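Structure at a glance
Here are the chains, one letter per residue:
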Amino acid sequence: SPAMAGPRPPAPAAAEAELLLLQRQALAEEEAAKAKRELLTRFLQEKLSREEQSSMWGLHKVRTLWCLAQRKTKDQELRQDIEILSQTFTRVMDCKDGVIEVPVGLAGQGVPGDTHEPPNTPQGLVRELKEAEEQQNRALRSHLHLMDQLLHLQRCRLGYLEEGFSAQVGALKAEFEAERCGISGGEGKW
């Protein structure tokens, strides 16, 4: 028996060595898997960071292009507005210049038998101003007269509507009294 005990210790040492080897391999595989996960995590984080930065730049570029398009459109609109206002201003100035300027052929000359001053002289302008004031006063009087007529028509219409309303109220009261008398047995008013 003691002779047999001698060869046995190498077997548990081999099993223990094998177990130790398996543990080391498992630990090495676990560390390799952990390193791989860390590497993959870093790679994905870097990729996410690059994507976020790319997205930010893309959004910035889109916003910049949108602002440029809006500015271009607004620029065109403002240029058209300026052109229209410039034409309007020129037209108004031409009209005012035409009133102020004295035609070369009419300066100091009058038509025989005409007692009016030429329209472009100071006296002619004063006369035109007085005529314009008279015309404005006539238009105002006419407007006020028409407003008085309209007010009279509205008052008449309101009177007719009030009469109609009163007649309807009277008819409803009579109908109500008749129904009340019918309900209470003709005993009269309550």
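Residues numbered from 1 in each chain as written. Predicted model: local features only at pLDDT ≥ 70, side-chain atom pairs only at ≥ 80, totals over all residues. Heavy atoms only, no water.

Attention now goes to the overall build of the protein chain. Of regular secondary structure, the protein chain possesses three helices and zero strands. Listed N to C, the secondary structure of the protein chain is α-α-α in terms of helices and strands. Counting all 190 residues of the protein chain, 3% fall into the buried class. Accessible area for the protein chain stands at about 17,500 Å²; split by element, carbon and sulfur atoms hold 62% of it. (Helix = DSSP H or I, 4+ residues; strand = E, 2+ residues; numbered from the N terminus. Buried < 20%, exposed > 50% of the residue type's maximum accessible area, 1.4 Å probe, protein only. Areas by Shrake-Rupley, 256 points an atom, 1.4 Å probe, with all protein chains shown as cover.)

On the surface, Leu40, Phe43 and Leu44 cluster together into a nonpolar patch covering about 300 Å² of accessible area. Residue placement: Leu44 occurs in helix α2 (residues 10-100). Classification of Leu44 by relative accessible area gives partly exposed; the value is 46%. (Patch = residues over 30% accessible without salt bridge, like charges linked within 9 Å, V, L, I, M, F, W, Y side chains within 5 Å. Salt bridge = Lys/Arg side-chain N within 4 Å of Asp/Glu carboxyl O.)

Moving on: the pattern of salt bridges. Here the idea is simple: oppositely charged side chains can pair when their charged atoms come close. Tallying each qualifying case throughout the model produces four salt bridges. A salt bridge links Lys74 to Glu77; the nearest nitrogen and oxygen atoms lie 4.0 Å apart. Taken as a pair, Lys74 and Glu77 lie in helix α2 at a separation of three residues, close to a single helical turn. Classification of Glu77 by relative accessible area gives partly exposed; the value is 37%. In this structure, Glu177 and Arg180 form a salt bridge, with 2.4 Å as the shortest nitrogen-oxygen distance. With Glu177 and Arg180 both in helix α3 (residues 122-184), this residue pair falls three residues apart, about one helical turn. Judged by its relative accessible area of 15%, Arg180 falls in the buried class.

Turning our eyes to something else, we now look at α3. Residues three or four positions apart in an α-helix share a direction because the helix packs 3.6 residues into each turn. Taking 1.5 Å per residue, 63 residues should reach 93 Å; α3 reaches 91 Å between its end C-alpha atoms and fits that length. Where α3 terminates, the next one or two residues include Gly185, which has phi positive at roughly 85 degrees. (Expected span 1.5 Å × (residues − 1).)

Here we take up the confidence of the model for the protein chain. Mean pLDDT over the protein chain stands at 85; residues scoring 70 or higher make up 82%. Model confidence for the protein chain, summarised as mean pLDDT per element, is weakest for helix α1 (residues 2-5) at 49 and strongest for α3 at 93. The low-confidence segment residues 1-6, where pLDDT is below 50, has zero contacts with residues more than four positions distant or belonging to other chains. Note that residues 107-112 has pLDDT below 50 and, in this model, two contacts with residues that lie over four places away or in other chains. (pLDDT = per-residue confidence, 0-100. Contact = heavy atoms within 4.5 Å.)

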